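# Structural characterization, general
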Amino acid sequence: QLQLVETGGGLVQPGGSLRLSCAASRSIFAIYDMGWYRQAPGKQREFVALITGGNNTNYRDSVKGRFTISRDNAKNTVSLEMNSLKPEDTAVYYCNANLKLGPASYSHYYWGQGTQVTVSS
């Protein structure tokens with residue numbers, strides 16, 4: 001059973017930085033789009049950033065210029081560098097990836113279990 005495991009969350013002061021990482025728990029045949037979503041208390045889960053298999057990136061407007069998504073295809077990982085953090089960035093951050101487990105399998109979207117990011121003084 002595949003799991004996506006996020007690490008790097010925590011408590012940081014406004015203006016601070018955090019780096020989130022997400023790794024697959026087993027070997028994977030192919031990974032396509034990888035992204036990050038977040039969910040604040042009482043709100044719906046929302047898109048944060050995406051990186052395609054061709055390394056094209058897309059961000060929600062409120063994080064542009066502050067967050068950077070990257071991937072390491074050799075390690076099957078995706079990271080999110082978050083700078084100039086604001087209290088409104090507080091949420092549980094989830095990793096998402098579209099991948100194939102084997103050459104004959106279909107691609108599916110998988111989710112991580114989430115990691116808490118709290119921005120507070």
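Conventions and cut-offs
- Residues numbered from 1 in each chain as written.
- Predicted model: local features only at pLDDT ≥ 70, side-chain atom pairs only at ≥ 80, totals over all residues.
- Heavy atoms only, no water.
- Pairing = 2+ DSSP bridges.
- Helix = DSSP H or I, 4+ residues; strand = E, 2+ residues; numbered from the N terminus.
- Axes fitted to C-alpha atoms, helices over the stretch in contact; angles between N-to-C directions.
- Core = buried A, V, L, I, M, F, W, Y, C linked by side-chain atoms within 4.5 Å.
- Buried < 20%, exposed > 50% of the residue type's maximum accessible area, 1.4 Å probe, protein only.
- Contact = heavy atoms within 4.5 Å.
- Disulfide = S-S within 2.5 Å.

The sheet built from 4 strands is open, its strands ordered E1-E3-E8-E7 with antiparallel pairing. Each having just a single partner strand, strand E1 (4-7) and strand E7 (67-72) make up the two edges of the open sheet. Taking each pair of neighbouring strands and ignoring which way they run, the sheet shows an average axis angle of 15 degrees. The sheet contact formed by E7 and strand E8 (residues 77-82) spans 6 bridges and is antiparallel. Within the sheet, the bridge partner assigned to Ile69 lies in E8 and is Leu80.

Further remarks concern the nonpolar core. Trp36, Leu80, Met82 and Tyr93 are the most contacted members of the largest nonpolar core, which totals 29 residues. When residues of this core are traced back to their parent elements, those giving at least two are strand E3 (18-24), strand E4 (30-39), strand E5 (46-51), E7, E8, strand E9 (91-100) and strand E11 (115-119). By residue number, the principal contributor to this core is E9, which donates 5 residues. With residues up to four places along the chain from it excluded, the contact list for Tyr93 reads Glu6, Leu20, Trp36, Tyr37, Arg38, Val48, Phe67, Leu80, Met82, Gly114, Thr115 and Val117.

Here we come to the state of the cysteines. Enumeration according to the criterion identifies 1 disulfide in this entry. Between the sulfur atoms of Cys22 and its disulfide partner Cys95 the distance amounts to 2.1 Å. Between Cys22 and Cys95, the S-S torsion sits near -80 degrees, and that sign places the bridge as left-handed. Of this pair, Cys22 sits in strand E3 while Cys95 sits in strand E9, and the two are 73 residues apart along the sequence. Summarising the burial analysis for this pair, Cys22 and Cys95 share the class buried.

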